[in-house]
Amino acid sequence: MRPKGRVSLAALAALAVAAAGCGNDEDVSSARAHQPKLNPSNFGNPATAKNRYFPLTPGYQSVRLGKVNRGNRRLEHRRVFSVSDVYKTINGIRSVAVLDQDFDGGQVGEQAIDFLAADESGNIWSLGSYTEAYEGGRFVNANDGWLTGIKGAKPGVLLPANVTAGGPAFIQEDQPGDDPSTAKVVRAGVRTCVPFKCFNDTIVVEEDGSENKSFAPGVGGIKTEPKGGGGEEETEELINLRTLSATGLREISTEVLKLDQHARSTVADVYGRSKAATRRP
């Protein structure tokens, strides 16, 4: 799940604000009233915490094939979501780093580290992220960098433990200078088919009124569909799911550590004030 400020969703988010009312007052008000409370004492090892629809086990990797509008062209890209064995303590909570990569034409166009943690109830919290954009394999800029507790940044709930359809909205991201990004579970118990296979008992989460994302038990995100309105009209479908080998996990974690280190210079006012991420001993 990407924060709305990242490159590939920027235009879509802007359209959603104009057309669908991103940060809808009613949703935001309800979400604030029902948002789970963040308590550092309710967190343990993020790699063993459980949420049925959002696995955080190191070595988990999913691959999704996506399409997006760029001008008058419909372009294909591949998204790889990998849970590393890198951890970072943020505002007193130990989080696990997830590497989220977008490949265009075989080259990485964007990659991010998302620092996530699940509390004892199973709520998945977003405690920080850092995103880099590339052209021709070369670093262009950092376009997203925040950590809970630094410069007014607040934690978000990517997916709550209670995923009842029709339940209250929840706030996924609430950063200074931006409208809160809200989401809600709109369907549950759905059968959803993607190229990888068909899944039963999936849930559908509507994000910011602009797109629907489907999640399968024990698998996580399997499908993204736009709700219309023009813009990038991004779609994604799961095409592969694997558990990384020790070598593969080490490679992913090494890349995460490089990004965390680079963030200390590109967004020094945020990451320079944090503890460096480290691999599991």
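Residues numbered from 1 in each chain as written. Predicted model: local features only at pLDDT ≥ 70, side-chain atom pairs only at ≥ 80, totals over all residues. Heavy atoms only, no water.

Asks: Honestly, the pattern of salt bridges in this entry has me stumped. Any pointers?
Replies: Any two side chains of opposite charge can pair, so long as their charged atoms come close to each other. Scanning all chains against the criterion turns up 15 salt bridges. Across the salt bridge formed by lysine 154 and aspartate 174, the nearest N and O atoms sit 4.0 Å from each other. In this pair, lysine 154 sits in the loop between strand S6 (138-147) and strand S7 (156-159) while aspartate 174 sits in the loop between strand S8 (170-173) and strand S9 (181-193), placing the two residues 20 residues apart along the sequence. With a closest N to O distance of 3.7 Å, glutamate 211 and lysine 213 form a salt bridge. Both residues of the pair, glutamate 211 and lysine 213, count as buried. Linked by salt bridges that have partners in common, Arg64, Arg79, Asp100 and Glu236 make up one network. (Salt bridge = Lys/Arg side-chain N within 4 Å of Asp/Glu carboxyl O. Helix = DSSP H or I, 4+ residues; strand = E, 2+ residues; numbered from the N terminus. Buried < 20%, exposed > 50% of the residue type's maximum accessible area, 1.4 Å probe, protein only.)

Asks: I tried to follow the packing of aromatic side chains on my own but got confused; where do I start?
Replies: The way to describe two aromatic rings as a pair is by their centre distance and the angle between their planes. Overall, the coordinates contain six aromatic pairs when judged by the stated rule. Ring centres of phenylalanine 196 and phenylalanine 199 lie 6.5 Å apart, and the angle between their planes is 15°; this geometry places the pair in the stacked category. Taking relative accessible area as the criterion, phenylalanine 196 reaches 31% and is therefore assigned partly exposed. Among the aromatic residues, those joined into a cluster by ring pairs are Phe54, Tyr60, Phe81 and Phe215. If you follow arginine 78 out to its NZ or CZ, it ends over the ring of phenylalanine 103, 4.8 Å from the centre. In this arrangement the basic side chain of arginine 94 is found over the ring face of tyrosine 87, its NZ or CZ atom lying 3.9 Å from the centre. (Phe/Tyr/Trp six-rings, centres within 6.5 Å; stacked < 30°, edge-to-face > 60°. Lys NZ or Arg CZ within 6 Å of the ring centre and 35° of its normal.)

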